Amino acid sequence: MKRREFVKYLSYSLPLFSCGCSLHLPSFFQKPIENKEVSHLEDIGSAALDNTDKVLDAGNDITKKSLNFNENFADDIYCKGQDAILLEQVLAKFRAVQRYVGNGNFNLLGMDEFFMYSRSAARIEAVTREEKDFIERLFYFDARSYGFHGEKNFTSLTQNISKKTTVKVPYTGHFLRKGPSLDAYNKIRKDVGDSIILTSGVRALAKQFHLFLEKTHQSEGNLSKASRSLAPPGYSFHGQNDFDIGKVGFGLNNFNENFAATREFQILRDLGYVDIRYEEMNSLGVRYEPWHIKI
Ligand SMILES: [Zn+2]
């Protein structure tokens, strides 16, 4: 992170967590972070990189936020001060562990395993007590406070996904649950053709944490804005049976409204597959996700 950006972090005005302690700058911030990697294309998208200073007011109109998910709103909640520093530290460790275990395996990693790898893997610094507290506070924080009104699926930080209930989908790097998810995916491929592909399947807590922290980082600490594009850890239906699909070769367009204009999406809709979890005008405070298959 460049010093200019870091100073911007410290100037956030809306607190999420109380802080008050003096700031100690770890060596982490004294040089730019090299790793800008988001390992492969996933639904955190890239549009949030175009941050503007525009601030909207939605009042009680949640749909306005869903439609303008990528804008800043007056009542958005930010990660600030020491928590902004912790966010960057923790994010670096999620990136490192994902690199260490591989993108595919990382999808199924529970938080206990994440902590274990952070302790035991070479060249990854163990998660500190303070960082763990930050992770716990983020997990147990009521996401409705920052405008996300979806359901919580994981109630405990140590809740895992049984690997035995999943199967790796060839050529995708992702996993699906055996049963209804795998059946639905195979049927979609049969009906629509090979041009449709799984872009994200089952995601355990470490993966959802990583995606959410990346999105918050892209959103300059704006947790509310991040949650309009991505369910906070514990709230994702990727922890259950839902999955994302895209058009082969369509890149990040698979995670914006352009996907809804593809032939593949039209076929899916005509065949009755489309039962959208996050509708265009939803009151959950989440953007429209035509690529997300609800099971
Ligand atoms: Zn999804």
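Residues numbered from 1 in each chain as written. Predicted model: local features only at pLDDT ≥ 70, side-chain atom pairs only at ≥ 80, totals over all residues. Heavy atoms only, no water.

### Brief notes about helix α5 (residues 111-120)
Inference 1: Among all positions of α5, only M111, F114, F115 and S118 are buried. Seen from one end, α5 has its buried residues packed into an arc of 95°, which puts them on one side.
Inference 2: As for α5, its buried residues are in contact with α3 (82-101), α6 (129-140) and α8 (205-218). (Buried < 20%, exposed > 50% of the residue type's maximum accessible area, 1.4 Å probe, protein only. Helix = DSSP H or I, 4+ residues; strand = E, 2+ residues; numbered from the N terminus. Arc of directions from axis to C-beta. Contact = heavy atoms within 4.5 Å.)

### Topic: the coordination of the zinc ion
Inference 1: Here the zinc ion is held by the protein donor atoms H238 (NE2), D244 (OD), D244 (OD) and H292 (ND1), which lie 2.0 to 2.8 Å from it.
Inference 2: Taken together, the four donor atoms coordinating the zinc ion span angles of 52 to 152° at the metal, a pattern that classifies the geometry as irregular.
Inference 3: Sequence positions of the donors to the zinc ion reduce to the motif H-x5-D-x47-H. Remark: H292 occurs in strand β7 (residues 292-293) and H238 occurs in the loop between α9 (223-229) and β6 (243-247); sequence separation between them is 54 residues.
Inference 4: Its relative accessible area of 1% is what places H238 among the buried residues.
Inference 5: A relative accessible area of 3% means that H292 is categorised as buried. (Donors = N, O, S within 2.8 Å, 3.2 Å for Na, K, Ca; no water. Tetrahedral: all angles 85-135°; square planar, octahedral: opposite > 155°, others 65-115°.)

### Some remarks on the confidence of the model for the chain
Inference 1: Averaged over every residue, the pLDDT of the chain is 81; residues scoring 70 or more account for 79%.
Inference 2: Predicted confidence is poor over residues 1-41, with pLDDT under 50, and the contacts of this stretch with residues over four places away or in other chains come to 77 contacts.
Inference 3: Predicted confidence for residues 44-51 stays below pLDDT 50, and this span has 21 contacts to residues more than four positions away or in other chains. (pLDDT = per-residue confidence, 0-100.)

### Observations regarding helix α10 (residues 263-270)
Note on helix geometry: an α-helix contains 3.6 residues per turn, so any two residues three or four positions apart are oriented the same way.
Inference 1: All of the buried residues along α10 are E264, F265 and L268. Down the axis of α10, the smallest arc covering the buried residues is 95°, so these residues share one side.
Inference 2: Phi for G272, located one or two positions after α10, is positive at around 85°.

### A few points about the packing of aromatic side chains
Inference 1: Scanning the model with the defined rule gives 11 aromatic pairs in all.
Inference 2: A ring pair is formed by Y146 and F212, whose centres lie 6.3 Å apart and whose planes are at 20°; its orientation type is stacked. Taken as a pair, Y146 in the loop between α6 and β3 (166-169) and F212 in helix α8 lie far apart in primary sequence, 66 residues in all.
Inference 3: In this structure Y146 comes out as buried when scored by relative accessible area, which is 3%.
Inference 4: Ring geometry for Y185 versus F243: centroids 5.9 Å apart, planes at 90°, classification edge-to-face. Taken together, the residues Y185 in helix α7 (residues 180-192) and F243 in strand β6 connect sequence positions 58 residues apart. Across the pair, exposure class does not vary: Y185 and F243 are buried alike.
Inference 5: Aromatic rings pair up to connect F94, F114, F115 and F209 into one cluster.
Inference 6: Sitting over the face of the ring of F250, K247 holds its NZ or CZ atom 5.3 Å from the ring centroid. (Phe/Tyr/Trp six-rings, centres within 6.5 Å; stacked < 30°, edge-to-face > 60°. Lys NZ or Arg CZ within 6 Å of the ring centre and 35° of its normal.)

### Some words on the pattern of salt bridges
Inference 1: Here the structure, examined in full by the defined rule, presents 12 salt bridges.
Inference 2: Between K54 and E71 there is a salt bridge whose closest N-O contact spans 3.9 Å. Taken as a pair, K54 in the loop between α1 (3-10) and β1 (55-56) and E71 in the loop between α2 (62-67) and β2 (72-73) lie far apart in primary sequence, 17 residues in all.
Inference 3: Exposure remark for K54: the relative accessible area of 45% places this residue in the partly exposed category.
Inference 4: E113 serves as the salt-bridge partner of K163, at 3.3 Å between the closest nitrogen and oxygen. (Salt bridge = Lys/Arg side-chain N within 4 Å of Asp/Glu carboxyl O.)

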